Amino acid sequence: QVTGLKFNDIYQKNVFDILPDLKKHWIKKAPASKKELIIRKIFYFDKPSTGRLTFGFSLSTLRDAHHNKCGNILIFEDLTKVLEMEQHLQRTDKLAAVGKLAAGIAHEIRNPLASVSGSIEMLSRELNVKEENKRLMDIILKETDRLNSLVNEFLDYVRPSQLKREPFN
């Protein structure tokens, strides 16, 4: 069912004909010691209808009542969705780290902007300056406001949106 193949098409066929990528991970030699051989690996299967699947498999030795090897037990698990979720979480974590970094940078930009604009406002009120210099001070104030506004927009963009939580069945 997972592969999308029909039972009649795969019944009594070699597993490597059905799952060709599996062969790369298969160990043909028995171990030198008497310890059980257990292998856990990942391989890929190109499903005709939906694309590539990621399978995990465990391979262990099957023994009879006299402890003689009589075959192998091969157990598959479709890990496609699990790995996709892990990758999504990793991307989310990276984006969250970038968001924190952006917030820190924005804070470091805002502090000098506040100092510059506050200082210019005080100087413009307390000093008698020529009209031309007053106009230059107004330009500085407008530009610091514009930069502050830009930093606010950037923070709004990188800030994670609030989750809307609600119960469900």
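Right above here is the structure, for reference.
A brief structural summary. (Residues numbered from 1 in each chain as written. Predicted model: local features only at pLDDT ≥ 70, side-chain atom pairs only at ≥ 80, totals over all residues. Heavy atoms only, no water.)

## Some details on the packing of aromatic side chains
Right, on to step 1. What the rule picks out here adds up to six aromatic pairs.
Right, on to step 2. With 5.6 Å between their ring centres and 55° between their planes, phenylalanine 43 and phenylalanine 55 make a pair best called tilted. Taken together, the residues span a long stretch of sequence, with phenylalanine 43 in strand S1 (residues 38–47) and phenylalanine 55 in strand S2 (residues 51–63) at a distance of twelve residues.
Right, on to step 3. Classification of phenylalanine 43 as buried rests on a relative accessible area of 0%.
Right, on to step 4. Taken together, a centroid distance of 5.8 Å and an interplanar angle of 70° make the contact between phenylalanine 43 and phenylalanine 76 edge-to-face. Residue phenylalanine 43 is located in strand S1, and its partner phenylalanine 76 is located in strand S3 (residues 69–78); the two are separated by 33 residues in the primary sequence.
Right, on to step 5. Here the aromatic cluster, defined as three or more aromatic residues joined through ring pairs, consists of Phe43, Phe45, Phe55, Phe57 and Phe76. (Phe/Tyr/Trp six-rings, centres within 6.5 Å; stacked < 30°, edge-to-face > 60°. Helix = DSSP H or I, 4+ residues; strand = E, 2+ residues; numbered from the N terminus. Buried < 20%, exposed > 50% of the residue type's maximum accessible area, 1.4 Å probe, protein only.)

## Quick word on the environment of threonine 3
Right, on to step 1. Within the fold, threonine 3 resides in the segment before helix H1 (7–10).
Right, on to step 2. With a relative accessible area of 15%, threonine 3 lands in the buried category.
Right, on to step 3. The residues contacting threonine 3, other than those within four sequence positions of it, are Leu19, Phe45, Lys47, Pro48 and Phe55. (Contact = heavy atoms within 4.5 Å.)

## Focus on the environment of phenylalanine 45
Right, on to step 1. Along the chain, phenylalanine 45 falls in strand S1.
Right, on to step 2. With relative accessibility at 6%, the residue phenylalanine 45 sits in the buried group.
Right, on to step 3. Residues phenylalanine 45 and aspartate 21, spaced 24 residues apart in sequence, show a C-alpha to C-alpha distance of 6.8 Å.
Right, on to step 4. Not counting the four nearest positions on each side in its chain, phenylalanine 45 is found in contact with Thr3, Leu5, Ile18, Leu19, Gly51, Arg52, Leu53 and Phe55.

## Remarks on the nonpolar core
Right, on to step 1. By size, the foremost hydrophobic cluster in this structure holds ten residues: Phe16, Ile18, Leu19, Leu22, Phe43, Phe45, Leu53, Phe55, Phe57 and Leu59.
Right, on to step 2. Of all the secondary structure elements, the ones that give two or more residues to this core are helix H2 (15–18), S1 and S2.
Right, on to step 3. For this core, the leading source of residues is S2, giving four residues. (Core = buried A, V, L, I, M, F, W, Y, C linked by side-chain atoms within 4.5 Å.)

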